[in-house]
Amino acid sequence: MAGTARTRWPWISLLLSAALVCNPVGFDFLHSAFFAGELLARNIAQPIVLTALAIMAVAIGLEWLVRSLIARSRARGVTN
């Protein structure tokens, strides 16, 4: 496959995470979780946002691991 560059960078998960955060609903949740004036709004939104961030971090880590394993096996010549 001439001309195709394989990378270990987890760009699919990063783009999905950016799309989830960088929209009006994502910005509103982030604002509610960390900058809201009401304590109740912060207490409700913070666990949701922190759980979503943890899930995104796990997805990014898994994609990086899979890409690393594929790159390593291709370097050994196991697959095309």
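Since the structure is predicted, the reported quantities are computational estimates derived from the model, not experimental observations. (Residues numbered from 1 in each chain as written. Predicted model: local features only at pLDDT ≥ 70, side-chain atom pairs only at ≥ 80, totals over all residues. Heavy atoms only, no water.)

**Focus: the packing of helix H2 (residues 24–34) against helix H3 (residues 39–76)**
Note the threshold: In this analysis, axes come from line fits to C-alpha atoms, helices being fitted only over the stretch in contact, and the angle between any two N-to-C directions falls in the range 0 to 180 degrees. Only DSSP runs of H or I reaching four residues or more are called helices, and only runs of E reaching two or more are called strands; each is numbered from the N terminus. The cut-offs work like this: below 35 degrees is roughly parallel, past 145 is roughly antiparallel, 65 to 115 is roughly perpendicular, and the gaps in between are oblique. In this scheme, a crossing is called left-handed if the near helix is turned counterclockwise away from the far one by less than a right angle; it is called right-handed if the turn is clockwise. Contact criterion: two residues are considered in contact whenever any of their non-hydrogen atoms come within 4.5 Å of each other. Under the scheme applied here, ten amino acids are nonpolar (Ala, Val, Leu, Ile, Met, Phe, Trp, Tyr, Cys and Pro), four are charged (Asp, Glu, Lys and Arg), and all others, including Gly, are polar.
Remark: H2 packs on H3, axes separated minimally by 7 Å, with the N-to-C direction vectors making an angle of 125°. As the angle between them shows, H2 and H3 are arranged oblique. In this structure, the crossing between H2 and H3 has a hand that is left-handed. Of the residues in H3, those in contact with Phe29, Leu30, Ser32, Ala33 and Phe34 of H2 are Ala41, Arg42, Ala45, Gln46, Ile48, Val49 and Leu50. For the contact of H2 with H3, the residue count by class is nine nonpolar, two polar and one charged.

**Describing a nonpolar patch on the surface**
The cut-off we apply is this: Nonpolar side chains (Val, Leu, Ile, Met, Phe, Trp, Tyr) within 5 Å and like charges within 9 Å form the patches, drawn only from residues with over 30% relative accessible area and no salt bridge. Throughout, the Shrake-Rupley method with a 1.4 Å probe supplies accessible areas, and for residues the shown protein chains are the sole cover considered. A pairing counts as a salt bridge when a side-chain nitrogen of Lys or Arg comes within 4 Å of a carboxyl oxygen of Asp or Glu.
Residues Val25, Phe29, Leu40, Ile44 and Ile48 make up a contiguous nonpolar surface patch of roughly 490 Å² in combined accessible area. Every element with two or more residues in the nonpolar patch is listed here: H2 and H3. Position of valine 25 relative to the elements: it lies in helix H2.

**Considering the confidence of the model for the protein chain**
To keep things clear, this is the line we draw: Every residue gets a pLDDT, meaning the predictor's confidence in that residue, from 0 to 100.
Averaged over all residues, the pLDDT of the protein chain equals 86, while 90% of them reach at least 70. Mean pLDDT across the secondary structure elements of the protein chain bottoms out at helix H1 (residues 11–21), with 90, and peaks at H2, with 92.

**Focus on the UniProt feature "transmembrane region" (unreviewed entry) in the protein chain**
Basically, it comes down to this: UniProt positions are given in the numbering used here, feature names are shortened, and annotations may be inferred rather than shown by experiment.
Residues given the UniProt feature "transmembrane region" (unreviewed entry) here are residues 48–66. Split by type, residues 48–66 is 100% helix and 0% strand. Its first and last C-alpha atoms lie 27 Å apart.

**So, the pattern of salt bridges**
As a reminder of what qualifies: For every residue, the accessible area obtained with a 1.4 Å probe (protein chains only) is divided by the maximum for its type, and the residue is called buried under 20%, exposed over 50%, and partly exposed between those limits.
Under the counting rule described, the total for this entry stands at one salt bridge. Two residues, arginine 67 and glutamate 63, come together in a salt bridge whose shortest N-O distance is 3.0 Å. Separated by four residues within a single helix, arginine 67 and glutamate 63 lie in helix H3, roughly one turn from each other. On the basis of relative accessible area, glutamate 63 is assigned to the buried category, the value being 11%.

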